[in-house]
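Descriptive analysis of the structure
Listed here are the chains, written in short residue letters.
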Amino acid sequence: MARALRVARSSSSLFSFGSRSYSAEASHVSSSPSPFLGARRDVTKERNVQWVFLGCPGVGKGTYASRLSSLLGVPHIATGDLVRDALASSGPLSQQLSEIVNQGKLVSDEIIVNLLSKRLEAGEAKGESGFILDGFPRTMRQAEILGDVTDIDLVVNLKLPEEVLVDKCLGRRTCNQCGKGFNIAHINLKGKNGKPGISMDPLLPPPQCMSKLITRADDTEEVVKARLRIYNETSQPLEEYYRSKGKLMEFDLPGGIPESWPRLLEALRLDDYEEKQSAAA
Ligand SMILES: Nc1ncnc2c1ncn2[C@@H]1O[C@H](COP(=O)(O)OP(=O)(O)O)[C@@H](O)[C@H]1O
């Protein structure tokens, strides 16, 4: 298991961006990750980014991890997708997984590390380097295994008020042809107790996808609530672990994609990244 995960280290020896330092100056970043790349600047100079996205179900990890992966040219690896691929295949693993996933429970560390190892190995064979992990690690054991085999540069912890997460999950749709994700939920949470409100417009599909939308089998209210409860029970030690290493960047999403994406780029000091890339080309 661990041997296969070591692929991540050997596959990460190429140059990418990384001469940047990061800070938590932006107001929506609620806790300071300032040292998280400073000490590692020389390491990241030599290879692509190795980032992790944490956050509750429905917070938007997939959306922002996938956008950053396109921007930075690193693979976005979502363990939930690996689980769904395994579920779609025939065989005993699929049956075993479906029971667990449909109850909103976590798959065993062994199965998930095995799926991730295989994905990293296949990526290395294709010349991939670096990664943005979404949905992994979810337990301390997973974090330790990851930490044993490779260096994580940054852990982004995305946050939204608890009240909107169920609606966001229930609004998720995927086009079964092009694979793109959408969300039909209208979020309009009023501010209270000094906390700002939040509104998010739906992310509607184009007409050609409209009749091909599917909903994840585990995005029912009961299963989403179970997933949120399990996430809240397991996430604190993980956050603490990465915070103590100075790698955790907390990011309170200020709204939907139009408000949040530029702010996230700013917090990551990537707001001028595209411009610099094309100037250097
Ligand atoms: N790192 C992991 N460890 C254990 N189980 C996982 C992991 N990643 C995904 N899964 C399984 O896959 C399901 C879907 O994951 P994901 O798409 O990340 O959903 P979520 O919307 O809950 O973040 C989870 O409920 C869990 O059963």
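Above this text is the structure in question.
All of these numbers come straight from a predicted model, not from anything done at the bench.

Here's the deal with the pairing of strand E4 (residues 154–159)
When a strand is regular, its side chains alternate between the sheet's two faces. Buried residues dominate E4, accounting for five of its six residues. Sheet topology places strand E1 (residues 50–54) next to E4; four bridges connect them, and they run parallel. Looking at the pairing, Val-52 lines up with Val-155 of E4.

Quick notes on the nonpolar core
The tendency in soluble globular proteins is for nonpolar side chains to be buried as a group. Counting residues in each nonpolar core, the largest one holds 66 residues, and the members touching the most others are Trp-51, Leu-68, Leu-268 and Leu-270. Excluding residues that lie within four positions of it along the chain, Leu-68 makes contacts with Trp-51, Phe-53, Gly-73, Ile-132, Trp-261, Leu-264, Leu-265, Leu-268 and Leu-270.

Regarding a negative patch on the surface
Taken together, the side chains of Glu-266, Asp-271, Glu-274 and Glu-275 define an acidic patch exposed on the protein surface. Residue position: Asp-271 is located in the loop between helix H13 (257–267) and helix H14 (273–280).

Quick word on the pattern of salt bridges
By the definition in use, this model includes 15 salt bridges. A salt bridge links Asp-219 to Arg-227; its shortest N-O distance comes to 3.2 Å. A single burial state applies to Asp-219 and to Arg-227, both of which are buried. If you follow the salt bridges from partner to partner, you end up with Arg-172, Arg-216, Asp-218, Asp-219 and Arg-227 in one network.

Description of the sheet that holds strand E9 (residues 213–214)
With respect to topology, three strands assemble into an open sheet ordered E6-E5-E9, the strand pairing being antiparallel. Among the strands making up the open sheet, the edge pair consists of strand E6 (181–183) and E9. Across three bridges, strand E5 (residues 172–175) lies against E6 in antiparallel orientation. Residue pairing for E6: Arg-172 is matched across the bridge by Asn-183.

Reading the values: rules and limits
Residues numbered from 1 in each chain as written. Predicted model: local features only at pLDDT ≥ 70, side-chain atom pairs only at ≥ 80, totals over all residues. Heavy atoms only, no water. Buried < 20%, exposed > 50% of the residue type's maximum accessible area, 1.4 Å probe, protein only. Helix = DSSP H or I, 4+ residues; strand = E, 2+ residues; numbered from the N terminus. Pairing = 2+ DSSP bridges. Core = buried A, V, L, I, M, F, W, Y, C linked by side-chain atoms within 4.5 Å. Contact = heavy atoms within 4.5 Å. Patch = residues over 30% accessible without salt bridge, like charges linked within 9 Å, V, L, I, M, F, W, Y side chains within 5 Å. Areas by Shrake-Rupley, 256 points an atom, 1.4 Å probe, with all protein chains shown as cover. Salt bridge = Lys/Arg side-chain N within 4 Å of Asp/Glu carboxyl O. Lys, Arg positive; Asp, Glu negative; His and termini not counted. Charge placed at Lys NZ, Arg CZ, Asp CG, Glu CD.

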